[in-house]
Amino acid sequence: ESLAGTYVAGRDLSRGRPLATNDHMYVRYLETINGIEIMHARQKDKALRMVEVEPLFFRAIDGNQHSLFRPSRDGKRMYLFDLNFSGEVQFTRISEKDLAAEAPP
């Protein structure tokens, strides 16, 4: 459950431009499988359900995809390393404050 949230590709964050919803990667906890679902905003029909096979390392229920989570060294950020799903590699979890900052006035 602690991994749930909205993640954005590191390269999109570094560009300094406002983030669009289609830049988001969503992670939510699914109690029914005691795992997570990862969905990229551009691929809503391809949500990926995963279970934890090692601490912070997840494997897809149906397939060979893997994802890995790591906290930053200072513990203030969580990173998602998408090893097969979207073509991006590193995503950073953004906060509700970050989401509010990107919303149009």
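Cut-offs and rules
Residues numbered from 1 in each chain as written. Predicted model: local features only at pLDDT ≥ 70, side-chain atom pairs only at ≥ 80, totals over all residues. Heavy atoms only, no water. Salt bridge = Lys/Arg side-chain N within 4 Å of Asp/Glu carboxyl O. Helix = DSSP H or I, 4+ residues; strand = E, 2+ residues; numbered from the N terminus. Buried < 20%, exposed > 50% of the residue type's maximum accessible area, 1.4 Å probe, protein only. Pairing = 2+ DSSP bridges. Phe/Tyr/Trp six-rings, centres within 6.5 Å; stacked < 30°, edge-to-face > 60°. Axes fitted to C-alpha atoms, helices over the stretch in contact; angles between N-to-C directions.

1. Let's talk about the pattern of salt bridges
For the structure on display, the rule yields two salt bridges. Residue arginine 28 is joined to glutamate 37 by a salt bridge in which the shortest nitrogen-to-oxygen separation is 2.7 Å. Arginine 49 serves as the salt-bridge partner of glutamate 37, at 3.3 Å between the closest nitrogen and oxygen. Taken together, the residues glutamate 37 in strand S3 (residues 35-40) and arginine 49 in strand S4 (residues 48-54) connect sequence positions 12 residues apart. Salt bridges linked by common partners bring Arg28, Glu37 and Arg49 together as one network.

2. Points about the pairing of strand S5 (residues 57-60)
Residues Phe58 and Ala60 point to one face of S5 and are all buried, whereas Phe57 and Arg59, pointing to the other face, are not buried. Across four bridges, the pairing between S4 and S5 is antiparallel. Counterpart to methionine 50 in the pairing with S5 is alanine 60. If you look at the hairpin formed by S4 and S5, you'll find two residues sitting between the two strands, and leucine 56 has a positive phi there, around 65°. Bridging between S5 and strand S6 (residues 66-71) involves three bridges; their strand directions are antiparallel. Looking across to S6, one finds that phenylalanine 58 is bridged to serine 67. Here S5 folds back onto S6 in antiparallel fashion, the turn holding five residues, of which glycine 63 has a positive phi close to 135°.

3. Side note on unusual backbone geometry
Glycine aside, a negative phi is what most residues show, and trans is what most peptide bonds show. Even without being a glycine, asparagine 34 presents a positive backbone phi close to 50°. Relative to the helices and strands, asparagine 34 resides in the loop between strand S2 (24-30) and S3. Judged by relative accessible area, asparagine 34 falls into the exposed class, the value being 55%. One non-glycine residue, leucine 56, adopts positive backbone phi at about 65°.

4. Focus: the packing of aromatic side chains
A full pass over the atoms with the stated rule returns two aromatic pairs. What links up through ring pairs into an aromatic cluster is the set Tyr7, Phe58 and Phe69.

5. Details of the sheet that holds strand S7 (residues 78-82)
Whenever strands of a sheet pair, they do so through backbone hydrogen bonds, lying parallel or antiparallel. Read around the closed barrel, the eight strands follow the order S1-S2-S3-S4-S5-S6-S7-S8; overall the barrel is antiparallel. When the angles between neighbouring strand axes are averaged without regard to direction, this sheet yields 30°.

6. Observations concerning the pairing of S7
Residues Met78, Leu80 and Asp82 line the buried face of S7, whereas the alternating positions Tyr79 and Phe81 sit on a face that is not buried. One ladder, built from five bridges, connects S6 with S7; its direction is antiparallel. Counterpart to leucine 68 in the pairing with S7 is phenylalanine 81. Linking S6 to S7, which pair antiparallel, is a turn of six residues; within it glycine 75 sits at a positive phi near 80°.

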